[in-house]
Amino acid sequence: MIIDLRSDTVTRPTAAMRAAMAAAEVGDDVYGEDPTVARLERRLADDLGFEAGLFVPSGTQGNLCALLAHCQRGDEYLVGMEAHTYKFEGGGAAVLGSIQPQPIPHAPDGTLPLDALAKAVKPDDPHFARTRLLALENTWHGRALPQDYVVEAAAWARSRGFGVHLDGARLFNAAVASGRPARELAAPFDSVSVCLSKGLGAPVGSVLVGSAAAIRSAKRWRKMLGGGLRQSGLLAAAGLYALDHHVERLADDHARAARLAEGLRGAAGITAVAQHTNMVFIDVDAGRLRALDEHLRAHGVRASIGYLPTVRLVTHLDIDDAAIERAAEVFRAFPS
Ligand SMILES: *Cc1c(COP(=O)(O)O)cnc(C)c1O
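Now for a quick tour of the structure.

What counts and what doesn't
- Residues numbered from 1 in each chain as written.
- Predicted model: local features only at pLDDT ≥ 70, side-chain atom pairs only at ≥ 80, totals over all residues.
- Heavy atoms only, no water.
- Near = heavy atom within 4 Å.
- Polar contact = N/O pair within 3.5 Å; in protein donor to acceptor, adjacent residues only side chain to side chain.
- Areas by Shrake-Rupley, 256 points an atom, 1.4 Å probe, with all protein chains shown as cover.
- Helix = DSSP H or I, 4+ residues; strand = E, 2+ residues; numbered from the N terminus.
- Nonpolar A, V, L, I, M, F, W, Y, C, P; charged D, E, K, R; others polar.
- Buried < 20%, exposed > 50% of the residue type's maximum accessible area, 1.4 Å probe, protein only.
- Contact = heavy atoms within 4.5 Å.
- Expected span 1.5 Å × (residues − 1).
- Arc of directions from axis to C-beta.
- Pairing = 2+ DSSP bridges.
- Axes fitted to C-alpha atoms, helices over the stretch in contact; angles between N-to-C directions.

The local shell around the ligand consists of S58, G59, T60, N63, H84, E89, E137, D167, A169, R170, C195 and K198. Between the ligand and K198 there is a distance of 2.8 Å, counted from an oxygen atom to a side-chain nitrogen or oxygen. Protein contact buries 81% of the 380 Å² of open area that the ligand shows by itself. At 3 residues, helix α3 (residues 59–70) tops the list of elements feeding residues into the shell around the ligand. Considered class by class, the residues forming the shell around the ligand number 2 nonpolar, 5 polar and 5 charged.

Structure (structure tokens):
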């Protein structure tokens with residue numbers, strides 16, 4: 001039995017979720033005839049306080065549809081230098097939308113400082129791309145963004161006439177960790193994408209919410225990107241099940257991540273440990289990374305090594321208390 005801590009995307013649907021999927025009422029969603037997809041889209045739009053929602057196969061596609069809906073060819077969006085929508089989506093906005101990213105260095109808490117944002121805005125002049133959108137991410141590397149900052153940054157963007165998009169892949173982790181309703185965290189934005197296939201444990205899918213006009217535009221882009229699905233109510237049913245049963249339990253993932261972090265402090269070769277929501281980040285001497293990876297694999301533990309400057313461990317639905325104890329033991333057995 002492998003203890004897979006690489007990401008919360010590795011979860012498999014539970015028996016009860018599979019039963020909900022099997023029982024789903026379906027139709028052809030490209031014709032707008034899948035009642036379960038419609039229910040999921042309505043549910044998240046209502047819960048988060050938006051006019052409309054759009055079920056998409058992945059978070060990457062949800063973000064790209066949003067960027068394409070907000071920006072035209074030759075426009076640019078302000079985005080974190082380590083943000084998913086800049087760094088981890090294959091450059092899709094530039095490749096497929098001719099939209100230029102303007103990356104901004106993050107402050108240590110994940111925010112994009114307002115003075116840095118203001119400096120990056122381009123004057124209205126043919127030399128420059130047209131600045132059109134601010135894109136934020138919550139949680140960012142597991143951190144829930146300070147909501148005061150989010151409100152202030154969104155108000156600033158609005159005052160400049162920019163749209164505001166949230167990559168809320170793990171919005172519900174932020175809500176559970178901060179004790180604020182997801183609706184409040186989403187309120188400052190024009191559009192929000194939420195992943196069902198991360199901590200919520202669905203096998204596939206994200207939902208983009210926004211104004212009726214933005215979602216109409218995003219739906220056109222989704223079709224062009226190959227994301228118009230047919231009897232996708234099978235997948236939407238897993239999302240609905242996840243929203244009913246797997247949101248509050250995210251607190252368990254956060255508590256287990258905190259316990260894992262505690263268990264790793266002082267282990268040989270580990271120089272620093274940080275934990276936010278369901279993620280633990282550890283610094284390891286660069287020269288020992290390969291040896292650590294081999295040690296973990298030999299003992300049935302997987303960690304995310306190589307994508308970020310630090311090693312990342314993520315707790316999720318398939319990680320119980322015993323797995324946490326075992327993983328911590330394996331780390332502590334790493335020879336110094
Ligand atoms: C996972 C993730 C996405 C979307 O990922 P997909 O794998 O395309 O579903 C977007 N943003 C963040 C922050 C993510 O972690």
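The α-helix winds at 3.6 residues per turn, so residues separated by three or four positions along the chain end up facing the same way. L171, F172, N173, A174 and A175 are the residues of helix α8 (residues 171–178) that are buried. Buried residues belonging to α8 abut α2 (35–48), β6 (163–168), α9 (182–186), β7 (191–195), α11 (233–245) and α12 (250–264). After α8 finishes, the residue G179 shows a positive phi value of roughly 75°.

What follows is about helix α14 (residues 321–332). With 12 residues, α14 should reach 16 Å at 1.5 Å per residue; the first-to-last C-alpha distance of 17 Å fits that figure. Taken as a whole, α14 has its buried residues at A323, I324, A327, A328, V330 and F331. The arc enclosing the buried residues of α14, seen along the axis, measures out at 160°, which places them on a common side.

Turning our eyes to something else, we now look at the sheet that holds β7. Pairing within the open sheet is mixed, and its 7 strands lie in the order β2-β8-β7-β6-β5-β3-β4. Looking at the sheet topology across the chains shown, the edges are occupied by β2 (52–56) and β4 (100–104). Across this sheet, the average inter-strand angle for adjacent strands is 20°, counted without regard to direction. As judged from the 5 bridges shared by β2 and strand β8 (residues 206–210), these two strands associate in the antiparallel manner. For F55, the partnering residue across the bridge sits in β8 and is V207.

Time to look at the environment of D4. Along the chain, the position of D4 falls in strand β1 (residues 3–4). Taking the C-alpha atoms as reference points, D4 and V301, 297 residues apart in sequence, are found 5.9 Å from one another. Among all residues touching D4, those that are not within four sequence positions of it are V10, R302, V314, H316 and I319. Looking at D4, its side chain comes within polar contact range of the side chain of R6, at 2.6 Å.

Spatial ordering of the open sheet is given by β9-β10-β12, a layout of 3 strands whose pairing is antiparallel. Looking at strand neighbours, the two that pair on one side only are β9 (270–276) and β12 (311–314), the edges of this open sheet. Each strand axis lies, on average, 20° off the axis of its neighbour in the sheet, ignoring direction. Relative to β12, strand β10 (residues 279–284) runs antiparallel, the two being bridged by 4 bridges. Among the inter-strand pairings, V280 is bridged to a residue of β12, identified as L313.

Here the focus is the environment of V311. Position of V311 among the secondary structure elements: in strand β12. Along the backbone, V311 and A174 are 137 residues apart, and their C-alpha atoms lie at a distance of 21 Å. With residues near it in sequence (within four places) discarded, V311 still touches V280, F281, I282, V284, L289, A303, S304 and I305.

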